[in-house]
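Here's the letter readout for the chains.
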Amino acid sequence: MSIFEYNGSALIAMVGKNCFAIASDRRLGVQLQTIATDFQRIYKIHDRLFLGLSGLATDAQTLYQRLVFRHKLYQLREERVMKPETFASMVSALLYEKRFGPYFCQPVIAGLGDEDKPFICTMDSIGAKELAKDFVVTGTASESLYGACEAMFKPDMEAEELFETISQALLSSVDRDCLSGWGGHVYVVTPTEVKERILKGRMD
């Protein structure tokens, strides 16, 4: 078993019309044993920028703390919050610094940039970015997530339809992966509001 699969995870970000959604499962396990069913994988950096971390849970929490620290330093120095593109470059640089002993995490970054244009990207554990215009997925359920997203995604969805699509994609995908699941956590972000919802899923 790969170290990335040790705790199990499913993460997905999807783009809509001037909005985006980011969703994750809620299971924390040690291989096949479930430890917690309310684990947080998605973190808010600021109102228009969210970070999801799949992979090894301990590394994800450490990495999040380091990224918050760097973002706060940037805020103090620049007197503004980071744009999603800038934040993605910073995450990439931080991961690449540690390339010989990497954080076993695969981040998903989703945010609203200039003129409310949604930005999503993911990267591997040493910071190689993969940009997308529709959706990005990562985690142990990524293969089934790709299939569900390819089937369900439509361009320029409004916030409510985007929520429905990302939720259905997540719930149907984690049912095909025994290391992730146990409900879902969805954020839908528009220029004016952030909606957070908890999904109930199969509890087995």
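To keep things clear, this report deals only with the structure shown in the data block. Residue positions are counted from 1 within each chain, in the order its sequence is given. This being a predicted model, a pLDDT of at least 70 is required before a residue's local features are given, and a value of 80 or more before pairs of side-chain atoms are given or counted; all residues contribute to the totals for chains, interfaces and linings. Processing note: side-chain calculations cover all non-hydrogen atoms of the structure and skip hydrogens and water entirely.

## Digging into the packing of helix H3 (residues 142-152) against helix H4 (residues 159-174)
(1) Moving on: Note on method: axes are straight lines fitted to C-alpha atoms, helices fitted across the in-contact stretch only, with angles between N-to-C directions ranging 0 to 180 degrees. The way it works is that DSSP assigns letters per residue, a run of H or I at least four long becomes a helix, a run of E at least two long becomes a strand, and they are numbered from the N terminus. Between H3 and H4, whose axes approach to 9 Å, the crossing angle comes to 145°. For H3 against H4, the interelement crossing comes out right-handed. Here Ser144, Leu145, Ala148, Cys149 and Met152 of H3 come into contact with H4, specifically with Thr165, Gln168, Ala169, Leu170, Ser172 and Ser173.
(2) Moving on: Across the contact of H3 with H4, the residue classes tally to six nonpolar, five polar and no charged. Here is the rule for handedness: rotate from the far helix to the near one, and if that takes an anticlockwise turn smaller than a right angle the crossing is left-handed, while a clockwise turn gives right-handed. Whether two residues are in contact is decided by their heavy atoms: any pair within 4.5 Å suffices. Only Asp, Glu, Lys and Arg are considered charged in this grouping, and only Ala, Val, Leu, Ile, Met, Phe, Trp, Tyr, Cys and Pro are considered nonpolar; every other residue, Gly among them, is considered polar.

## Brief notes about unusual backbone geometry
(1) Moving on: One non-glycine residue, Asp156, adopts positive backbone phi at about 55°.
(2) Moving on: Structurally, Asp156 can be placed in the loop between H3 and H4.
(3) Moving on: Look at Trp182: it is not a glycine, yet its phi comes out positive at around 60°.
(4) Moving on: Its location among the elements puts Trp182 in the loop between H4 and strand S11 (184-189).

## Overview of the pattern of salt bridges
Oppositely charged side chains are able to pair whenever their charged atoms sit close together.
(1) Moving on: Think of a salt bridge as a Lys or Arg side-chain nitrogen and an Asp or Glu carboxyl oxygen that are within 4 Å of each other. Applying the stated criterion to the full structure yields eleven salt bridges.
(2) Moving on: Residue Arg48 is joined to Asp116 by a salt bridge in which the shortest nitrogen-to-oxygen separation is 2.9 Å. In this pair, Arg48 sits in the loop between strand S5 (42-46) and strand S6 (49-55) while Asp116 sits in the loop between strand S7 (105-112) and strand S8 (118-123), placing the two residues 68 residues apart along the sequence.
(3) Moving on: Each residue's exposure class comes from its accessible area (1.4 Å probe, protein chains only) as a fraction of the maximum for that residue type: buried when under 20%, exposed when over 50%, partly exposed otherwise. Taking the relative accessible area as the measure of exposure, Arg48 reaches 25% and is therefore partly exposed.
(4) Moving on: Across the salt bridge formed by Glu160 and Lys195, the nearest N and O atoms sit 3.4 Å from each other. You can see Glu160 sitting in helix H4 and its partner Lys195 sitting in strand S12 (residues 194-199), a full 35 residues away along the chain.

## As for the side chain of Thr138
(1) Moving on: The residue Thr138 is located in strand S10 (residues 135-139) in this model.
(2) Moving on: Whenever a nitrogen or oxygen atom comes within 3.5 Å of another N or O atom, the pair is scored as a polar contact, on the condition that within protein one atom can donate a hydrogen and the other can accept it, and that pairs from neighbouring residues in sequence are kept only if both atoms are in side chains. Within the local environment of Thr138, its side chain forms a polar contact with the side chain of Gln106, the two groups lying 3.2 Å apart.

## With respect to the sheet that holds strand S9 (residues 129-132)
(1) Moving on: A sheet is described by the order of its strands in space; here five strands give the open sequence S5-S6-S7-S8-S9, paired in antiparallel fashion. Every other strand in the sheet has two partners, leaving S5 and S9 as the edge strands with one partner each. Averaged over all pairs of adjacent strands, the angle between strand axes in this sheet comes to 20°, irrespective of strand direction.
(2) Moving on: With four bridges connecting them, S8 and S9 associate as antiparallel partners. In the sheet register, Thr122 faces S9, and the bridge partner there is Glu130. For two strands to count as paired, DSSP must find a minimum of two bridges between them.

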